[in-house]
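Listed here are the chains, written in short residue letters.
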Amino acid sequence: MNIFTFLFVVSTYLLFIIFRSFAEVSLESQLLFSSFFILIIGIPHGAIDHVLFFKKRTLSQIKFYSIYLGLILVFLVLWIYFPFWSLLLFLLISAFHFGESQFSEIKASNLIKYLLYPVWGVALLSTLMHYNLKELIDITTYFKDTNDLQILYDKGFIFQLYLVTNIGSIILLLFLAVKSQMNLDRLFSELFLLLILHITFYLFPFLIAFTMYFVILHSIKVMHQEYQFLKNDNDTFKLIDFVKILLPYSLLSIFFTALIIALSYVGIISYSVPLVSIIIISVITLPHAIVMHIFYNE
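Sequence order sets the numbering: in each chain, residues are counted from 1 along the sequence as written. Given that this is a predicted model, residues contribute local features only at a pLDDT of at least 70 and side-chain atom pairs are listed and counted only at 80 or more, while totals for whole chains, interfaces and linings are drawn from all residues. Based on all heavy atoms of the structure, the side-chain values leave hydrogens and waters out of the count.

Undergrad: I'd like a description of the nonpolar core, backed by residues and values.
TA: Formed by 73 residues in total, the largest nonpolar core has its most connected members in Leu-87, Phe-98, Phe-103, Trp-120, Leu-197, Tyr-213 and Phe-242. Looking at this core element by element, the count peaks at 15 residues for helix 10 (residues 206–233). Excluding its chain neighbours within four sequence positions, the residues that come into contact with Leu-87 are Trp-79, Leu-149, Leu-152, Tyr-153 and Ile-278. Only buried residues count toward a nonpolar core. Its members are Ala, Val, Leu, Ile, Met, Phe, Trp, Tyr and Cys residues joined through side-chain atoms within 4.5 Å. Each residue is assigned to one of three classes by its accessible area relative to the maximum for its type, calculated with a 1.4 Å probe on protein chains only: buried under 20%, partly exposed between the two thresholds, exposed over 50%. Numbering of helices and strands runs from the N terminus, with a helix taken as a DSSP run of H or I at least four residues long and a strand as a DSSP run of E at least two residues long. Contact criterion: two residues are considered in contact whenever any of their non-hydrogen atoms come within 4.5 Å of each other.

Structure, rendered in structure tokens:
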């Protein structure tokens, strides 16, 4: 068990005790909890995309920022005109990105890696949806502008996806172990993690369960990878230096995210807070996932 899985298990246990202490945790409390940790820890893990990119490739800053912001703008336009397909695209990008960050250091053929990344990522998301499908449908149908998105939450389809991708993930992990491309310690660690994810997603509401995964097992892990990369590139690089380069774009992203959500909340932006939140996360995820793919593979 690595440090990230350990932190996840401890957090799961502590939150379980907290949830047992209350008869019910309101959706507003869940949103507050999730928003706080996603803003404070989730957003900063993509705040140095520019630094990582220029460590890997040579490109003018004007071209980089034009492409980066251009991708955000294009995805934003897609959300305005094709919300369902935009949500589907966001989930597929997220699935691949989550899988790649989890297994980026695995030494295997491109065929196996590019099977494992999306299969594991879809298993993660479909498991989260499967155990919390009623809650997802309730939240989606509660707001007028998210009502059309519920077509994605077909019970039979989600269950089939849940079964196929979870079984597929286990088969691919066993294949890597048989081929000696993953040692037994790592195999058992990954199988244990899958079990813990199932338990967590079953026990907790959708927002809490996703936040726990996204913050601890994804964002903190990715920031650790980024820090180790920069430290290996410069022996004098310290944790305080890492924090300093994270801060500018983190604070900028947090400010504008909070501002847009506030404008939605008071009705100045004619989209509901949940939809605005999904859009913000998705448009940021697209260029971030591309930069991290370059980071992991070059």
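Undergrad: So what's going on with the environment of Gln-225? Residues and values would help.
TA: Note on placement: Gln-225 falls in helix 10. Accessibility expressed as a relative area gives 16% for Gln-225, which makes it buried. Leave out the neighbours within four places in its chain, and Gln-225 touches Ser-101, Ser-104, Phe-295 and Tyr-296.

Undergrad: Give me the lowdown on helix 7 (residues 133–142), citing residues and values where you can.
TA: Of all the positions in helix 7, only Leu-133, Leu-136 and Thr-140 are classed as buried. For helix 7, the angular spread of the buried residues around the axis is 60°, confining them to a single face. More than 90 degrees from the buried face of helix 7, the exposed residues found are Lys-134 and Tyr-142. Directions drawn from the helix axis to the C-beta atoms are what define this arc.

Undergrad: Give a description of the packing of aromatic side chains that names residues and reports values.
TA: Paired rings are identified among Phe, Tyr and Trp, the last through its six-membered ring, by centres lying within 6.5 Å, and are further divided according to the angle between planes into stacked (under 30 degrees), edge-to-face (over 60) and tilted (the rest). For the structure shown, the criterion picks out 26 aromatic pairs. Judged by centre distance (4.8 Å) and plane angle (35°), the ring pair of Phe-53 and Phe-64 falls under tilted. With a gap of 11 residues between them, Phe-53 in helix 3 (residues 49–56) and Phe-64 in helix 4 (residues 61–81) connect regions that are remote in the sequence. You'll find Phe-53 and Phe-64 in the same group, each marked buried. Pairwise contacts between aromatic rings join Phe-53, Phe-54, Phe-64, Tyr-65 and Tyr-68 into one cluster.

Undergrad: Any chance you could break down the packing of helix 5 (residues 83–102) against helix 12 (residues 273–297) for me, citing the residues and the numbers?
TA: Between helix 5 and helix 12, whose axes approach to 9 Å, the crossing angle comes to 35°. The hand of the helix 5/helix 12 crossing is left-handed. Contacts between helix 5 and helix 12 involve Leu-87, Phe-90, Ile-93, Ser-94, Phe-96, His-97, Glu-100 and Ser-101 on the former and, on the latter, Ile-278, Ile-281, Ser-282, Thr-285, Leu-286, His-288, Ala-289, Met-292, His-293, Tyr-296 and Asn-297. Charged residues are taken to be Asp, Glu, Lys and Arg, nonpolar residues to be Ala, Val, Leu, Ile, Met, Phe, Trp, Tyr, Cys and Pro, and polar residues to be all remaining types, Gly included. When grouped by side-chain class, the residues that make up the contact of helix 5 with helix 12 number 10 nonpolar, 8 polar and 1 charged. Every axis corresponds to a line fitted to the C-alpha atoms, with the helix fit spanning only the stretch in contact, and the corresponding angles, defined between N-to-C directions, vary from 0 to 180 degrees. Handedness of each helix crossing follows the sense of rotation of the near helix against the far helix: counterclockwise by less than a right angle gives left-handed, clockwise gives right-handed.

Undergrad: A description of the pattern of salt bridges should follow, citing residues and the corresponding values.
TA: Counted as salt bridges are all cases of a side-chain nitrogen of Lys or Arg within 4 Å of a carboxyl oxygen of Asp or Glu. For the coordinates displayed, the defined rule picks out 5 salt bridges. Each member of the salt-bridge network shares a partner with another, and the members are Glu-105, Arg-186 and Glu-190.

Undergrad: Mind laying out the side chain of Ser-34, listing which residues take part and the relevant values?
TA: Structurally, Ser-34 can be placed in helix 2 (residues 27–42). Since its relative accessible area comes to 4%, Ser-34 is described here as buried. Excluding residues within four positions of it along the chain, Ser-34 makes contact with Leu-207, Ile-208 and Thr-211.

Undergrad: An account of the side chain of Asn-132 is requested, with residue identities and associated values reported.
TA: In this structure, Asn-132 sits in the loop between helix 6 (110–131) and helix 7. Judged by relative accessible area, which is 5%, Asn-132 ranks as buried. Side-chain polar atoms of Asn-132 contact the backbone nitrogen of Phe-206, separated by 3.3 Å. Not counting residues up to four positions away in its chain, the partners in contact with Asn-132 are Phe-201, Phe-204, Pro-205 and Phe-206. What qualifies as a polar contact is a pair of N or O atoms within 3.5 Å, subject to a donor-acceptor requirement within protein and to the restriction that residues adjacent in sequence count only when both atoms come from side chains.

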